[in-house]
Amino acid sequence: MFTEVVKNSMRVALVLSQKSFRRAIRGKIFIVFLLFAIIMIFASLLFESLTFTAKLKIIKDVGLTGISIFSGLICIFLSGEAIVGEVERKNVYILFSKPVSKASFIIGSFLGIVWTTLLALLISGIAFLMLVYLKQGYIEPQLLLTIGFSGMEIIVITSIGVMFSSFSSSATVATLLCFSVYILGHLNPQLALLARSIHNKSIKELISITRFILPNLDYFNLREKIARGYHIDPFTTGKIIIYTFIYSGIMLTLAYLFFRKREL
């Protein structure tokens, strides 16, 4: 009985995710940020006057940075309005008049945004890898790994945006909150350095708690490590994959709990 309920819930969530995906890829946010990512990738060709080695490094740095930033912005903007947007458009009243649970709605919205952003990541990633191949004749496996880690970062950011959207009063508020966490998440290592330089015990503990709550998005930033020749071992990769699913799972659970208490 329980297994059947879970299967039905996941079936409904997948149907909702497909609708969310189709709506998102037709939206301006997806198209505009994807175009910006591709433009930024090919803008790296402007450094033709540099030496071959320096030019290749800039192409890789600029391309990977553009992919990461604009993929992040796509999932921030889409997830920020995922739940609250449906409430504002009153679509939830139609959905919940059918056999659709709030858990299925949360998961479906999350998956739809993840698929949309991963599509943008795939398209921009292919454009980037084609450019690298044309310039040097081969593609390093580390570049594929870097793009893959950007995909895991997308999962975490989307779950955070859905969580904020589940209780926020407007899509703008949820988007700003998610964007703030995105910035602070990338500054997580710097917060650790700040904590070590502060002697006040209360402030040091506050920073430590903040670091624990915030996602450590520096885990997913392999650009500098790969540029310095660091080898990413399977243990590190596995640890980050586990971190991705645990953190996003916690955020989605909170999103469900917040949305369940929300008056519709």
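What you see is a predicted model, and the numbers here were worked out from it, not measured in a lab. (Residues numbered from 1 in each chain as written. Predicted model: local features only at pLDDT ≥ 70, side-chain atom pairs only at ≥ 80, totals over all residues. Heavy atoms only, no water.)

**Quick look at the packing of aromatic side chains**
With the rule as written, the count across this model stands at 10 aromatic pairs. Seen from their ring centres, phenylalanine 105 and phenylalanine 259 are 5.5 Å apart, and the 35 degrees between their planes marks the pair as tilted. Within this pair, whereas phenylalanine 105 is found in helix α6 (residues 102-136), its partner phenylalanine 259 is found in helix α12 (residues 234-261), the two being separated by 154 residues in sequence. No difference in accessibility class separates phenylalanine 105 from phenylalanine 259, as the two residues are buried. Three or more aromatic residues joined by ring pairs make a cluster, and in this case those are Phe33, Phe36, Phe70 and Phe77. (Phe/Tyr/Trp six-rings, centres within 6.5 Å; stacked < 30°, edge-to-face > 60°. Helix = DSSP H or I, 4+ residues; strand = E, 2+ residues; numbered from the N terminus. Buried < 20%, exposed > 50% of the residue type's maximum accessible area, 1.4 Å probe, protein only.)

**Observations regarding a nonpolar patch on the surface**
A surface patch of nonpolar side chains, about 730 Å² in accessible area, is lined by Phe167, Val173, Leu177, Ile242, Ile246, Ile250, Leu254, Leu257 and Phe258. For the nonpolar patch, the elements supplying multiple residues, two or more each, are α8 (171-186) and α12. In terms of residues, the nonpolar patch owes the most to one element, α12, which gives six residues. By secondary structure assignment, the location of isoleucine 246 is in helix α12. (Patch = residues over 30% accessible without salt bridge, like charges linked within 9 Å, V, L, I, M, F, W, Y side chains within 5 Å. Areas by Shrake-Rupley, 256 points an atom, 1.4 Å probe, with all protein chains shown as cover. Salt bridge = Lys/Arg side-chain N within 4 Å of Asp/Glu carboxyl O.)

**Side note on the packing of α6 against α12**
Remark: α6 packs on α12, axes separated minimally by 10 Å, with the N-to-C direction vectors making an angle of 135 degrees. The angle between α6 and α12 falls in the class oblique. As for how α6 packs across α12, the hand of that crossing is right-handed. Here Lys102, Ala103, Phe105, Ile106 and Phe110 of α6 lie close against α12, whose contacting residues are Leu252, Ala255, Tyr256, Phe259 and Arg260. Grouping the amino acids of the contact of α6 with α12 by side-chain chemistry returns eight nonpolar, no polar and two charged. (Axes fitted to C-alpha atoms, helices over the stretch in contact; angles between N-to-C directions. Parallel < 35°, antiparallel > 145°, perpendicular 65-115°, else oblique. Left-handed = near helix turned anticlockwise from the far one by under 90°. Contact = heavy atoms within 4.5 Å. Nonpolar A, V, L, I, M, F, W, Y, C, P; charged D, E, K, R; others polar.)

**Overview of a positive patch on the surface**
Residues Lys19, Arg22, Arg26 and Lys98 make up a contiguous surface patch of positive charge. You can see lysine 19 is positioned in helix α1 (residues 2-25). For lysine 19, a relative accessible area of 43% gives the class partly exposed. (Lys, Arg positive; Asp, Glu negative; His and termini not counted. Charge placed at Lys NZ, Arg CZ, Asp CG, Glu CD.)

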